[in-house]
Amino acid sequence: MKKIIVLLFFVCAVLLGNEFETAAKAYEAGDYQKAYKYNKLACDNGEYGGCTNLGLLYEKGQGVEQNYTEAFRYYKLACDNGEYIGCYNLGVLYRDGQGIRQNYKEAFKYFKITCDSGEYRGCSGLGILYANGQGVEQNYAEASKYYKLACDNGDYGSCSNLGLLYVNGQGVKQNYTEAFKYYKLACDNGEYGGCTNLGLLYVNGQGVEQNYKEAFKYFKLACDNGEYKGCGNLGVLYENGQGIRQSYSTAKEYYSKACDLGDQQGCDAFATLGKYGY
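Read on for an overview of the structure. The structure presented is a predicted model; accordingly, all values stated were derived computationally and were not measured.

About the thresholds
- Residue positions are given per chain, counted from 1 along the sequence in the order it is written.
- For this predicted model, a pLDDT threshold of at least 70 governs which residues receive local features, and a threshold of 80 or more governs which side-chain atom pairs are given and counted, while totals over whole chains, interfaces and linings are taken from all residues.
- No hydrogens and no water enter the side-chain calculation; it runs on all heavy atoms of the structure.
- In DSSP terms, a helix is any run of H or I states spanning at least four residues, a strand is any run of E spanning at least two, and both are numbered starting from the N terminus.
- Per-residue accessibility, obtained with a 1.4 Å probe over protein chains only, is compared with the maximum for each type, and a residue is labelled buried under 20%, exposed over 50%, and partly exposed between these values.
- Any two residues having at least one pair of non-hydrogen atoms within 4.5 Å are treated as being in contact.
- All accessible areas in this document rest on Shrake-Rupley with a 1.4 Å probe, and a residue is counted as covered only by the protein chains that are shown.
- Asp and Glu are treated as the negative residues and Lys and Arg as the positive ones, with His and the ends of the chain left uncounted.
- Note that the charge is assigned to NZ on lysines, CZ on arginines, CG on aspartates and CD on glutamates.
- Each aromatic pair joins two rings of Phe, Tyr and Trp (for Trp, the six-membered one) with centres within 6.5 Å, and gets the label stacked for planes under 30 degrees apart, edge-to-face for over 60, and tilted for any other angle.
- We call a charge positioned above a ring when the Lys NZ or Arg CZ atom is no farther than 6 Å from the ring centre and deviates by at most 35 degrees from the ring normal.
- Disulfide assignment relies on a single distance test, namely cysteine sulfur atoms paired within 2.5 Å.
- Geometry is summarised by axes, namely lines fitted to C-alpha atoms with helices restricted to the contacting stretch, and by angles between N-to-C directions that run from 0 to 180 degrees.
- In this scheme the handedness of a crossing depends on how the near helix is turned from the far one: anticlockwise by less than a right angle means left-handed, clockwise means right-handed.
- Note on residue classes: Ala, Val, Leu, Ile, Met, Phe, Trp, Tyr, Cys and Pro are nonpolar, Asp, Glu, Lys and Arg are charged, and everything else, Gly too, is polar.
- A helix's residues, less one, multiplied by 1.5 Å, set its expected span.
- Residues adjacent in sequence count toward polar contacts only when both atoms are side-chain atoms; beyond that, a polar contact is any pair of N or O atoms within 3.5 Å, and within protein one must be able to donate a hydrogen and the other to accept it.
- Of all possible arcs, the one meant is that of the directions from the helix axis to the C-beta atoms.

A look at the overall build of the chain
Phase 1: Of the regular secondary structure elements, the chain holds 15 helices and 0 strands.
Phase 2: Along the first, second and third principal axes, the C-alpha set of the chain runs to 85 × 40 × 35 Å.
Phase 3: Taking all 278 residues of the chain together, 41% fall into the buried category.
Phase 4: Here the contacts in the chain between residues at least 6 apart in sequence split such that 37% fall between residues at least 24 apart.
Phase 5: Total accessible area on the chain stands at roughly 14600 Å², and carbon and sulfur atoms take up 48% of it.
Phase 6: Between the averaged position of the 28 positive side-chain charges in the chain and that of its 31 negative side-chain charges there is a distance of 2 Å.

Written out as structure tokens, the structure reads:
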């Protein structure tokens, strides 16, 4: 009888694993309804990563109607059962006031749980709250500590944020060379805001020799990957003929792209050039 029980447990475990794997493959293929079905099976059977994924589907409106309240419910279920990415996502909902009343202290609580469990995106969330004084007293030294912890463990957005603290001398001694190092680390790992910030260091000759051609390279990399500030700064280089041949028409193209990506300054610059007949 004992052997039969063990065998049944093994079969159940395999089935649960298969549900989770099937859900992941369906999501990757863009079949969100199938992903929902199999994540729901996994979640209902105690595979709490499936609950986290259900929350994500509800948050993004993929395979189901967008519903932040349902996203919150599944993230909470996951978090309460030791699925710490669910805790992080809960923190984001509290921070942004989606599906729940905005509450930075609750966001801090869930980011701290996540960070302490070794999910370093939670450390990044803590850094942002400390930098902005949200839910805690503003403290750049604490922000730099958590950004560094996250950056050192592969959260490259935190590397870019740490670079900004070095540029501004907030919580750390101002050091453009260190800023360059962290921006470069972010940029090289697909955090394109870091590429824009590298470009700005080259424009201003901070931590590196002033070099508009290098600035152009990094702004272009950022812009080509949907980073609106990169596009806006490319527009500036074209308008002023810095590192590239002056072209008001090309400047307008990049200002327009920045505007389309949500940059009001890009919209204003586009309108100004148009006003003067360019």
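Having seen the model, we can carry on.
Focus: the packing of aromatic side chains
Phase 1: Tallied over the full model, the rule gives 14 aromatic pairs.
Phase 2: By way of ring pairs, the aromatic residues Y36, Y58 and Y74 are connected into one cluster.
Phase 3: Lying across the ring of Y74, R73 places its NZ or CZ 4.5 Å from the centre.

Let's talk about the state of the cysteines
Phase 1: This model, assessed by the stated rule, comprises 7 disulfides.
Phase 2: Shown here is the disulfide that connects C151 with C159, its sulfur atoms set 2.1 Å apart. Across the S-S bond linking C151 and C159, the dihedral sits near 100 degrees, which makes this disulfide right-handed. Per residue, the accessibility class of C151 equals that of C159, and both read buried.

Comments concerning the packing of helix α4 (residues 68–80) against helix α5 (residues 84–96)
Phase 1: With their axes 8 Å apart at the nearest point, α4 and α5 run at an angle of 145 degrees to one another. Crossing of α4 against α5: the hand is left-handed. For the pair α4 and α5, contact is made by Y68, A71, F72, Y75, K76, A78 and C79 and by G86, C87, N89, L90, L93 and Y94, respectively.
Phase 2: Split by residue class, the contact of α4 with α5 holds 10 nonpolar, 2 polar and 1 charged.

What to know about helix α6 (residues 104–116)
Note that an α-helix has 3.6 residues per turn; residues three or four places apart therefore point the same way.
Phase 1: Here α6 contains 13 residues, and its C-alpha end-to-end distance of 18 Å stays within 8% of the 18 Å for a straight helix at 1.5 Å per residue.
Phase 2: Among all positions in α6, only A107, F108, Y110, F111, T114 and C115 are buried.
Phase 3: Turning to α6, the residues buried within the fold contact α4, α5, α7 (121–132) and α8 (140–152).
Phase 4: The distance from a side-chain oxygen at the start of α6 to the backbone nitrogen of K105 is 3.1 Å, and the residue carrying that oxygen is N103.
Phase 5: Following α6 by one or two positions, G118 has its phi on the positive side, about 95 degrees.

Let's talk about helix α2 (residues 32–44)
Phase 1: For α2, with 13 residues, the first-to-last C-alpha span of 18 Å sits near the 18 Å given by 1.5 Å per residue.
Phase 2: Listed in full, the buried residues belonging to α2 are A35, Y36, N39, A42 and C43. On an axial view of α2, the arc spanned by its buried residues comes to 130 degrees, and they lie on one face. In α2, those exposed residues whose orientation departs by more than 90 degrees from the buried face are Q33 and D44.
Phase 3: One or two residues past the end of α2 sits G46, with phi positive at roughly 90 degrees.

Thoughts on the packing of helix α10 (residues 176–188) against helix α11 (residues 192–204)
Phase 1: In the contact formed by α10 and α11, the axes pass within 8 Å of each other and the chain directions differ by 145 degrees. Considering how the two elements wind past one another, α10 and α11 form a crossing that is left-handed. Taking contact as the criterion, the partners of Y176, A179, F180, Y183, K184, A186 and C187 in α10 are, on α11, G194, C195, N197, L198, L201 and Y202.
Phase 2: Looking at side-chain class alone, the contact of α10 with α11 contains 10 nonpolar, 2 polar and 1 charged residues.

Describing the environment of G122
Phase 1: Inspection of the secondary structure puts G122 in helix α7.
Phase 2: Separated by 15 residues in the primary sequence, G122 and A107 have C-alpha atoms spaced 9.8 Å apart.
Phase 3: Setting aside chain neighbours within four positions, we find G122 in contact with Y88, F111, T114 and C115.

The analysis is restricted to geometry; functional conclusions fall outside its scope.
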